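Chain and residue survey
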Amino acid sequence: VAPGGTCPRQLAGSPAPAVPLGAGAALHCTHLMKVWVFKVNTKRGWEFNEYFRARTRGVYELGDEGWIKSASSLRYLREEVKRGDIFLCYEVDRKQVVGLARAASDGRDAGLGSLVDFCPPREAVRLNNPLTRKPDLDHILAFSPQRGRGTVQRIDADEFARLKRIILRKNPEQAEELNRLLGGE
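First, a word on scope: everything that follows refers to the structure included in this document.

Quick notes on the rules
- Residues numbered from 1 in each chain as written.
- Predicted model: local features only at pLDDT ≥ 70, side-chain atom pairs only at ≥ 80, totals over all residues.
- Heavy atoms only, no water.
- Helix = DSSP H or I, 4+ residues; strand = E, 2+ residues; numbered from the N terminus.
- Buried < 20%, exposed > 50% of the residue type's maximum accessible area, 1.4 Å probe, protein only.
- Arc of directions from axis to C-beta.
- Contact = heavy atoms within 4.5 Å.
- Core = buried A, V, L, I, M, F, W, Y, C linked by side-chain atoms within 4.5 Å.
- Axes fitted to C-alpha atoms, helices over the stretch in contact; angles between N-to-C directions.
- Parallel < 35°, antiparallel > 145°, perpendicular 65-115°, else oblique.
- Left-handed = near helix turned anticlockwise from the far one by under 90°.
- Nonpolar A, V, L, I, M, F, W, Y, C, P; charged D, E, K, R; others polar.
- Salt bridge = Lys/Arg side-chain N within 4 Å of Asp/Glu carboxyl O.
- Polar contact = N/O pair within 3.5 Å; in protein donor to acceptor, adjacent residues only side chain to side chain.

In this fold, serine 144 is placed in the loop between strand 6 (125–132) and strand 7 (152–155). Using a relative accessible area of 12% as the deciding quantity, one classes serine 144 as buried.

Along helix 5 (residues 175–182), the residues that are buried comprise Leu178, Leu181 and Leu182. For helix 5, the buried positions fall inside an angular range of 90° around the axis, keeping them on one side. Of the surrounding secondary structure, the elements contacted by the buried residues of helix 5 are strand 3 (86–91), strand 4 (96–102), strand 6 and helix 4 (157–170). Trailing helix 5 by a residue or two, glycine 183 shows a phi angle of about 80°, which is positive.

Looking now at the nonpolar core. The biggest cluster of nonpolar side chains holds 25 residues, and the ones touching the most others in it are Phe38, Phe48, Tyr51, Leu62, Phe87, Val116 and Phe118. Elements with a contribution of two residues or more to this core: strand 1 (35–40), helix 2 (49–52), strand 2 (60–62), helix 3 (71–79), strand 3, strand 4 and strand 5 (116–118). Apart from residues lying up to four places away in sequence, phenylalanine 118 is in contact with Phe38, Phe48, Tyr51, Val59, Tyr60, Leu62, Phe87, Cys89, Ala101, Arg102 and Ala104. Among the nonpolar cores identified, the runner-up in size contains 23 residues, and Val37, Leu100, Val125 and Leu137 belong to it.

Turning next to the packing of helix 4 against helix 5. Axis angle and axis distance: for two packed helices, these are the angle between their axes and the distance between the axes, and together they describe the pair. Between helix 4 and helix 5, whose axes approach to 10 Å, the crossing angle comes to 155°. Overall, the two elements helix 4 and helix 5 adopt an arrangement that is roughly antiparallel. Between helix 4 and helix 5 the crossing geometry is right-handed. Contacts from Phe160, Lys164, Ile167 and Leu168 of helix 4 reach helix 5 at Ala175, Leu178 and Leu182. Tallied by class, the residues present in the contact of helix 4 with helix 5 amount to 6 nonpolar, no polar and 1 charged.

What follows concerns the pattern of salt bridges. This structure, assessed with the given rule, holds 10 salt bridges. As a salt-bridge pair, arginine 75 and glutamate 80 come within 3.3 Å of each other at their nearest N and O atoms. According to the relative accessible area criterion, arginine 75 is partly exposed, its value standing at 31%. Its relative accessible area of 18% is what places glutamate 80 among the buried residues. The closest approach of N and O atoms between aspartate 136 and lysine 170, which form a salt bridge, is 2.8 Å. Residue aspartate 136 is located in the loop between strand 6 and strand 7, and its partner lysine 170 is located in helix 4; the two are separated by 34 residues in the primary sequence. Taken together, the salt bridges that share partners define one network made up of Lys34, Arg75 and Glu80.

What follows is about the environment of glutamate 173. With respect to the helices and strands, the residue glutamate 173 is situated in the loop between helix 4 and helix 5. We classify glutamate 173 as partly exposed; its relative accessible area is 48%. Separated by 45 residues in the primary sequence, glutamate 173 and asparagine 128 place their C-alpha atoms 8.7 Å from one another. Setting aside anything within four residues of it in sequence, one finds glutamate 173 in contact with Asn128 and Asn129. There is a polar contact of 3.0 Å between the side chain of glutamate 173 and the side chain of asparagine 128.

Put into structure tokens, the structure is as follows:
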């Protein structure tokens, strides 16, 4: 737990690094954290393994205006994505969520370099058993035509609650890692 029992979202304006939430802090902070999906098409030359296998110890810059062109995705990044939010790492052409990561920065506007920083790869979780589009992700609007095709899409809280159960059921051996990333939720 961060000093004073605050959550990573509350530390967004602070130079102090966000720290994982303890189990007791999760009840006070979950309403602040948002969950997003970050979609990539591996046929365009990049896949999430590059992130998960990176040796960098610092934050990992992700996306720029040449990569993310959707107006809704740019708006989400500019106005809503905050440090501490959770990202599902989804490969569109393979139709699977391959891992989860935390935002290490607030989202940024185009023209300022990367549009969001992910936590160092060693703090993220690469799923041993990825979630597949069907049947694991059918209940999530971000994967449906109604929500659009943007790179960054919002995951609603009730959708994520169900999704967490699926992730843990498919990856029980990663429960400790997942709980650490998700703040003991």
